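Overview (structure and organization)
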Amino acid sequence: MLVAESLRKSFHVSRPARQVLRGISLTVGHGEFVAVMGASGSGKSTLLHVLGGLERPDSGSVRIQGVDIYSLADGARSAFRRDHIGFVFQFFNLLPALTAAENVALPLRLRNESWLRPRSRRVAQSVIMERVTTLMDQLNLRGLQGHGPDEISGGEQQRIAIARALAAAPSLLLADEPTGNLDWNSGQEVLSMLARLCRAQAQTAVLVTHDAQVAAYADRVLVIRDGEIIDEIEMGRRDDPGKRPDHARLAARLAKLEL
Ligand SMILES: Nc1ncnc2c1ncn2[C@@H]1O[C@H](COP(=O)(O)OP(=O)(O)O)[C@@H](O)[C@H]1O
Ligand SMILES: [Mg+2]
């Protein structure tokens, strides 16, 4: 699903230029939920932006469903991103003028309005509404359809952002510190729902975080330090929950790692 090879990236704001990604390779299989865990400044956000087609690496490649995204022209890469990738960020980035349901529906609307999309492939309004309702139910947001982002809690806002990221059924979900702006309880609630939904729908996902409690929801954890992957931990098979240690034990094990 996702294959990244030898990614390197420097920012030339200082001399010598600071190497933020120093040869990162990783593979994420279809339906796999991978966390990248590392200290602040280790290059997590940069890596996620490179994986998601938002920031071109100095060298190396990113293939998503076999497509080498940086070999695409800028316009084609934007279209690919819109059609194949869902993003969730630390700050929920909901549009304040739209209701919760309208925010969730937005990616489907935008996809419909693309000039590249033939009329025959447009999604009907009724299908969009059905998809929005299903996702909002799955994320326990029933009843909030008509509310504006400023009328609901942070945890609810982030669940709406997750529903929005999943609305257009992306091949790949990318999340950057999705609980970074939430209190502990709402963070846990959001993450356990996200993990459950990804597992139920075989959604391929990559999440970056500094937090062992968050990373412990993943199937596999890659540890990043100073722009390199230094460790990889298998967390137990998702399709066999009986073989998966409980969350608290996984988190405790991850918390012992030196970041
Ligand atoms: N656009 C940028 N320009 C210059 N330096 C950057 C930029 N983005 C990130 N950096 C630097 O790269 C390093 C890694 O940043 P980042 O990927 O945001 O790490 P993390 O998300 O793990 O905290 C930091 O030292 C940061 O200052
Ligand atoms: Mg970051």
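Quick caveat, the model's predicted, so the values are computed rather than measured.

On to the packing of helix α5 (residues 154-167) against helix α6 (residues 184-200). Their axes nearest at 9 Å, the elements α5 and α6 cross at an angle of 20°. Here α6 runs roughly parallel to α5, going by the angle between their axes. Both α5 and α6 take part in a crossing whose hand is right-handed. Facing α5, whose interface residues are G155, Q158, R159, I162 and L166, α6 presents S186, E189, V190, M193, L194 and L197. In the contact of α5 with α6, the residues fall into 6 nonpolar, 3 polar and 2 charged.

With that settled, the discussion passes to the site of ligand 1. As a structural note, the neighbourhood of ligand 1 is formed by F11, V13, R18, V20, A39, S40, G41, S42, G43, K44, S45 and T46. In the model, an oxygen atom of ligand 1 is placed 3.3 Å from a nitrogen or oxygen of the S42 main chain. A total of 560 Å² of accessible area belongs to ligand 1 in isolation, and the protein chains cover 62% of it. For the shell around ligand 1, the secondary structure elements donating two or more residues are β2 (18-28) and α1 (44-51). Here the shell around ligand 1 takes 3 residues from α1, the largest share from any one element. Looking at the shell around ligand 1, its residues break down into 4 nonpolar, 6 polar and 2 charged.

Taken as a whole, the largest pocket spans an internal volume of roughly 400 Å³. If you trace the largest pocket, you find 17 residues lining it, with I85, G86, F87, P107 and R164 closest to the centre. Elements that contribute at least two residues to the lining of the largest pocket include exactly α2 (74-84), β6 (85-88), α3 (100-113) and α5. Tallied by class, residues from the lining of the largest pocket come to 9 nonpolar, 3 polar and 5 charged.

Below, the discussion takes up the packing of aromatic side chains. Across all of its chains, the model carries 1 aromatic pair by this definition. When the centroid spacing of 5.7 Å and the interplanar angle of 5° are considered together, the rings of F87 and F89 count as stacked. With a relative accessible area of 28%, F89 lands in the partly exposed category.

One pass over the structure, following the stated rule, counts 12 salt bridges. With its nearest N and O atoms 2.8 Å apart, the salt bridge here joins D219 to R199. One end of the pair, D219, is in the loop between α7 (212-215) and β9 (220-225); the other, R199, is in helix α6, and 20 residues separate them in sequence. We classify D219 as buried; its relative accessible area is 6%. The class for R199 is partly exposed, based on a relative accessible area of 25%. Close ionic contact of E232 with R220 constitutes a salt bridge, the shortest N to O distance being 2.8 Å. With E232 in strand β10 (residues 228-234) and R220 in strand β9, this residue pair connects regions lying 12 residues apart in the sequence. Owing to a relative accessible area of 44%, E232 belongs among the partly exposed residues under this scheme. R220 gets classed as buried once you look at its relative accessible area, which sits at 8%.

About the criteria used
- Residues numbered from 1 in each chain as written.
- Chains lettered and ligands numbered in written order.
- Predicted model: local features only at pLDDT ≥ 70, side-chain atom pairs only at ≥ 80, totals over all residues.
- Heavy atoms only, no water.
- Axes fitted to C-alpha atoms, helices over the stretch in contact; angles between N-to-C directions.
- Helix = DSSP H or I, 4+ residues; strand = E, 2+ residues; numbered from the N terminus.
- Parallel < 35°, antiparallel > 145°, perpendicular 65-115°, else oblique.
- Left-handed = near helix turned anticlockwise from the far one by under 90°.
- Contact = heavy atoms within 4.5 Å.
- Nonpolar A, V, L, I, M, F, W, Y, C, P; charged D, E, K, R; others polar.
- Near = heavy atom within 4 Å.
- Polar contact = N/O pair within 3.5 Å; in protein donor to acceptor, adjacent residues only side chain to side chain.
- Areas by Shrake-Rupley, 256 points an atom, 1.4 Å probe, with all protein chains shown as cover.
- 1 Å grid on protein atoms, 1.4 Å probe; cavity = no way out; pocket = protein on both sides within 12 Å on 5 of 7 lines; lining within 4 Å.
- Points joined across faces, edges and corners; volume = space filled by probe spheres on them.
- Phe/Tyr/Trp six-rings, centres within 6.5 Å; stacked < 30°, edge-to-face > 60°.
- Buried < 20%, exposed > 50% of the residue type's maximum accessible area, 1.4 Å probe, protein only.
- Salt bridge = Lys/Arg side-chain N within 4 Å of Asp/Glu carboxyl O.

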